[in-house]
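A look at the structure
Chain by chain, the residues:
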Amino acid sequence: MAKDSIQMEGIVTEALPNTLFRVELDSPQEPKPIILTTLSGRMRLHRIRILPGDRVQIELSPYDLTRGRISRRLDQSRDGGQIGR
């Protein structure tokens, strides 16, 4: 995790080729921002599957807010906990 990254959460809306995903961010503004993301190296290494509809945590660079990196998949339960700690 980079020091200067911005942490946000969102929902995967579309899976694209080459481990690219479109993610709709949780934001109070309308329409909700949709950004292009890729998987982090650790998620690739452990072969964690991401499907449309999954809730994920994203790291954004302060220099380009239209692209990001998926750093973790979040649990779908009521409490909003994390899968695997």
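Please refer to the structure higher up on the page.
Let me begin by describing the structure that accompanies this report. (Residues numbered from 1 in each chain as written. Predicted model: local features only at pLDDT ≥ 70, side-chain atom pairs only at ≥ 80, totals over all residues. Heavy atoms only, no water.)

In this structure, Val12, Phe21, Val23, Leu25, Ile35, Leu39, Met43, Ile50, Val56, Ile58, Leu60 and Ile70 together form the largest nonpolar core, which totals 12 residues. Only strand S2 (20–25), strand S3 (34–39) and strand S4 (55–60) provide two or more residues apiece to this core. When near neighbours in sequence (up to four residues on either side) are disregarded, isoleucine 50 contacts Val12, Phe21, Leu39, Met43, Val56 and Arg73. (Core = buried A, V, L, I, M, F, W, Y, C linked by side-chain atoms within 4.5 Å. Buried < 20%, exposed > 50% of the residue type's maximum accessible area, 1.4 Å probe, protein only. Helix = DSSP H or I, 4+ residues; strand = E, 2+ residues; numbered from the N terminus. Contact = heavy atoms within 4.5 Å.)

Reading around the barrel, the five strands line up as S1-S2-S3-S5-S4 and close back on themselves, with mixed pairing between neighbours. Strand-to-strand twist of the sheet, defined as the mean angle between neighbouring strand axes without regard to direction, takes the value 55°. Where S3 and strand S5 (residues 67–73) come together, four bridges link them in parallel fashion. Bridge pairing links threonine 38 to arginine 69 in S5. (Pairing = 2+ DSSP bridges. Axes fitted to C-alpha atoms, helices over the stretch in contact; angles between N-to-C directions.)

Enumeration over the complete set of coordinates arrives at four salt bridges. Salt-bridge contacts for arginine 69 lead to glutamate 59; the nearest nitrogen and oxygen are separated by 2.9 Å. Linking arginine 69 in strand S5 with glutamate 59 in strand S4, this pair joins segments that are 10 residues apart in sequence. Residue class for glutamate 59 comes out buried when judged on its relative accessible area of 8%. (Salt bridge = Lys/Arg side-chain N within 4 Å of Asp/Glu carboxyl O.)

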